[in-house]
Amino acid sequence: STVLLTGANGFIAATILRKLLERGHTVVGTVRSESKATFLREQFKAAVDSDKLKFAVVDDITAPGAFDEVLRAYQFDAVLHTSSPFRYNITDIDEELLQPAIQGTTGILDSVNRVAPSVKRVVVTSSFASVVNRTKGTWPGKVYTEADWNPTTREEGLKDVGSGYYASKTLAEQAAWDFVKEKNPRFTLTTLCPPMVYGPPEQEVPSMVKLNVSNLDIYDIFNGASDPRYGVWVWIDVRDLAEAHVLAWCDAAIAANQRYIVSQGNFSPQMFVDYIWKHYPERAAAKGINKHSPGKYYSDEGIYGVDTSKSVKDLGMKYTPIEDMLRDTLKRFEDLEAEGK
Ligand code: NDP
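Residues numbered from 1 in each chain as written. Predicted model: local features only at pLDDT ≥ 70, side-chain atom pairs only at ≥ 80, totals over all residues. Heavy atoms only, no water.

Chemist: Any chance you could explain unusual backbone geometry here in plain terms?
Modeler: Most peptide bonds are trans, and most residues other than glycine sit at a negative phi. The residue aspartate 51 is not glycine, and still its phi comes out positive at about 65°. If you trace the backbone, aspartate 51 turns up in the loop between helix H3 (45-49) and strand S3 (53-57). Even without being a glycine, tryptophan 139 presents a positive backbone phi close to 35°. Position of tryptophan 139 relative to the elements: it lies in the loop between strand S5 (121-125) and strand S6 (143-144). Relative accessible area serves as the criterion here: at 27%, tryptophan 139 is assigned to the partly exposed category. (Helix = DSSP H or I, 4+ residues; strand = E, 2+ residues; numbered from the N terminus. Buried < 20%, exposed > 50% of the residue type's maximum accessible area, 1.4 Å probe, protein only.)

Shown next, in the form of structure tokens:
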């Protein structure tokens, strides 16, 4: 099959890319500038040489018809839309977060519908941000399902960058479902709602401070640079999320017009601290990593959970335990440090 992967140079997308190529698919990845493909061209040289991997530059995903040209250039079977801003150094929430998330999503759906009749499925990387109700905090006893929607509004999203990110993902996913309802397109849609995504970075890491936002949560602890950052209490391994992106269009007709929470389950950043002290005691001591409260992961009242049974039943998802993720991720961090990053 031939697949369009948007934002191919991102953390999650680079892992999806590896998985697609391993399965023998042909991939066209979009990037915002040619230089952002350089690392991936080297990393996946064999695929580039055999024409299994190509790149296309789409510099502004909010421009009307931004994806028309690349969609016309190949006979795609599926589109995986991952590109969306996930960062907090933002000055204009509307322009830098909301518009690219929302218009990027509706834009690609519209382009597929108009110019790419061969595409049968579009998979959108949404987020648990579009599921969770942040005003409820830790909400002990609550179990989130695909029926839950973040009630945030555009106005609330404009208040601060954190709210802006949550609103960007919520409004983008809602816009995607509205598009399907209103336009009744030829293709079917699947949205995936992962919470915190962690795992060995496959993307280019020019320096450790430029790691993607979620992995920086782990690295900043590992490097003694920051205390654990609390906020979201559920997570998924990036390799499992990549698998979900493949299963959502390859093996699963059942995923047509479905939304999935994909997650291994609950975690606490205290687990990162405990793991590092257990497996890297010398480094932890040298970096002065605060032990906080070993073994105490959640408050006594408890914490919300997620029901992932739909992803298991429909997609056959299996979820990697957090210790395996930490083992592989910290190993990769050490390798990157050794390379001088
Ligand atoms: P990365 O920052 O590593 O990748 C983001 C990708 O989106 C990059 O290719 C980036 O391109 C592109 N992008 C960002 N802003 C824009 C923009 N304004 N216009 C066009 N492209 C843009 O993040 P992740 O891989 O972590 O995130 C990928 C997707 O997964 C996002 O949709 C994110 O919301 C979602 N997600 C991530 C989670 C996580 O914990 N990591 C959790 C839940 C959902 P460039 O390099 O040029 O900036």
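There's plenty left to go through after this.
Chemist: Honestly, the site of the ligand in this entry has me stumped. Any pointers?
Modeler: In the vicinity of the ligand there are 25 residues, among which Asn9, Arg32, Lys36, Tyr165 and Lys169 approach most closely. Glycine 7 is positioned with one of its backbone polar atoms (N or O) 3.1 Å from an oxygen atom of the ligand. Within the backbone of proline 85, an N or O atom sits 3.5 Å from a nitrogen atom of the ligand. Considering the ligand on its own, with 880 Å² of exposed area, one finds that the protein chains cover 89% of that surface. Taken together, the elements giving at least two residues each to the shell around the ligand come down to helix H1 (11-22), helix H7 (161-183) and strand S8 (196-198). Taken together, the residues of the shell around the ligand break down into eleven nonpolar, eleven polar and three charged. (Near = heavy atom within 4 Å. Polar contact = N/O pair within 3.5 Å; in protein donor to acceptor, adjacent residues only side chain to side chain. Areas by Shrake-Rupley, 256 points an atom, 1.4 Å probe, with all protein chains shown as cover. Nonpolar A, V, L, I, M, F, W, Y, C, P; charged D, E, K, R; others polar.)

Chemist: Would you mind showing me how to read the pattern of salt bridges here?
Modeler: Pairing is possible between side chains of opposite charge, provided their charged atoms come close. For the coordinates displayed, the defined rule picks out 22 salt bridges. When the shortest N-O distance is used, the salt bridge between aspartate 77 and lysine 120 registers 3.3 Å. Of this pair, aspartate 77 sits in the loop between helix H4 (68-73) and strand S4 (78-81) while lysine 120 is found in the loop between helix H5 (93-115) and S5, placing the two residues 43 residues apart along the sequence. Residue classification places aspartate 77 among the partly exposed positions, given a relative accessible area of 24%. Classification of lysine 120 as exposed rests on a relative accessible area of 53%. Notably, a salt bridge pairs lysine 331 with aspartate 335, separated by 3.0 Å at the nearest N-O pair. (Salt bridge = Lys/Arg side-chain N within 4 Å of Asp/Glu carboxyl O.)

Chemist: Any chance you could explain the nonpolar core here in plain terms?
Modeler: Across soluble globular proteins, you tend to see nonpolar side chains buried next to one another. Core analysis: the biggest nonpolar cluster contains 41 residues, and Phe128 and Phe272 have the highest contact counts within it. Here this core gets six residues from one element, more than from any other, and that element is helix H13 (residues 322-338). Residues Ala14, Ala78, Leu247 and Val262 belong to the second largest nonpolar core, which totals 40 residues. (Core = buried A, V, L, I, M, F, W, Y, C linked by side-chain atoms within 4.5 Å.)

Chemist: Is there a simple way to think about the sheet that holds S4 in this case?
Modeler: Backbone hydrogen bonds are what pair the strands of a sheet, in a parallel or an antiparallel way. Taking strand neighbours across the sheet as the criterion, the seven strands line up as S3-S2-S1-S4-S5-S7-S10 in an open arrangement whose pairing is parallel. Edge positions in the sheet fall to S3 and strand S10 (258-261), since each of these pairs with one other strand and no more. Within this sheet the neighbouring strands show an average axis-to-axis angle of 20°, counted without direction. Pairing between strand S1 (residues 2-6) and strand S2 (residues 26-31): four bridges, direction parallel. Across the sheet, the residue bridging to leucine 5 is glycine 29, located in S2. Strand contacts of H5: S1, S4, S5 and strand S7 (188-193), with the helix running at about 170° to S4, the strand carrying the most contacts. (Pairing = 2+ DSSP bridges. Axes fitted to C-alpha atoms, helices over the stretch in contact; angles between N-to-C directions. Contact = heavy atoms within 4.5 Å.)

Chemist: Where do I start with the sheet that holds strand S11 (residues 265-266) in this structure?
Modeler: Ordered in space as S8-S9-S11, the three strands form an open sheet in which the pairing is mixed. The strands lining the two open edges of the sheet, one partner per strand, are S8 and S11. Where S8 lies against strand S9 (residues 234-237), three bridges are found, and the strand directions are parallel. If you follow tyrosine 198 over to S9, its bridge partner there is aspartate 237.

Chemist: Whenever I open this one, the layout of surface pockets confuses me. Can you help?
Modeler: Any empty space left between atoms is shown by rolling a water-sized probe over those atoms. Each pocket or cavity is described by its volume, and for the second largest pocket that value is around 170 Å³. In terms of residue class, the lining of the second largest pocket is built from two nonpolar, five polar and three charged. (1 Å grid on protein atoms, 1.4 Å probe; cavity = no way out; pocket = protein on both sides within 12 Å on 5 of 7 lines; lining within 4 Å. Points joined across faces, edges and corners; volume = space filled by probe spheres on them.)

Chemist: Hey, could you run me through the side chain of serine 214 in this one?
Modeler: Following the sequence through the fold, serine 214 ends up in helix H8 (residues 213-222). Taking relative accessible area as the criterion, serine 214 reaches 3% and is therefore assigned buried. Here asparagine 212 takes part through its side chain, which lies 3.0 Å from a polar atom of the side chain of serine 214. Setting aside residues no more than four positions away along its own chain, serine 214 makes contact with Phe11, Phe86, Met196, Val197 and Tyr198.

Chemist: Mind showing me how you'd approach the packing of aromatic side chains here?
Modeler: When we look at a pair of aromatic rings, we describe it by the centre distance and by the angle of the planes. Within this structure, the stated rule accounts for 20 aromatic pairs. Ring geometry for tyrosine 297 and tyrosine 298: centres 6.3 Å apart, planes at 70°, overall edge-to-face. Look at tyrosine 298 and you get partly exposed, because its relative accessible area is 24%. Three or more aromatic residues joined by ring pairs make a cluster, and in this case those are Phe86, Tyr88, Tyr165 and Tyr166. The ring of tryptophan 139 carries the charged tip of lysine 136 above its face, separated from the ring centre by 5.0 Å. (Phe/Tyr/Trp six-rings, centres within 6.5 Å; stacked < 30°, edge-to-face > 60°. Lys NZ or Arg CZ within 6 Å of the ring centre and 35° of its normal.)

Chemist: What should I look at first to understand the pairing of S2 in this one?
Modeler: Taken residue by residue, a regular strand's side chains alternate between the two faces of the sheet. In terms of residue burial, S2 counts as a mostly covered element, since six of its six residues are buried. Here S2 shows two buried faces, one formed by Thr26, Val28 and Thr30 and the other by Val27, Gly29 and Val31. A crossover links S1 with its parallel partner S2, the connecting element being H1, and its sense is right-handed. Where S2 and S3 come together, five bridges link them in parallel fashion. Its bridge partner being in S3, valine 27 is matched across the sheet by leucine 53. (Right-handed = clockwise from strand over helix to strand, strands pointing away.)

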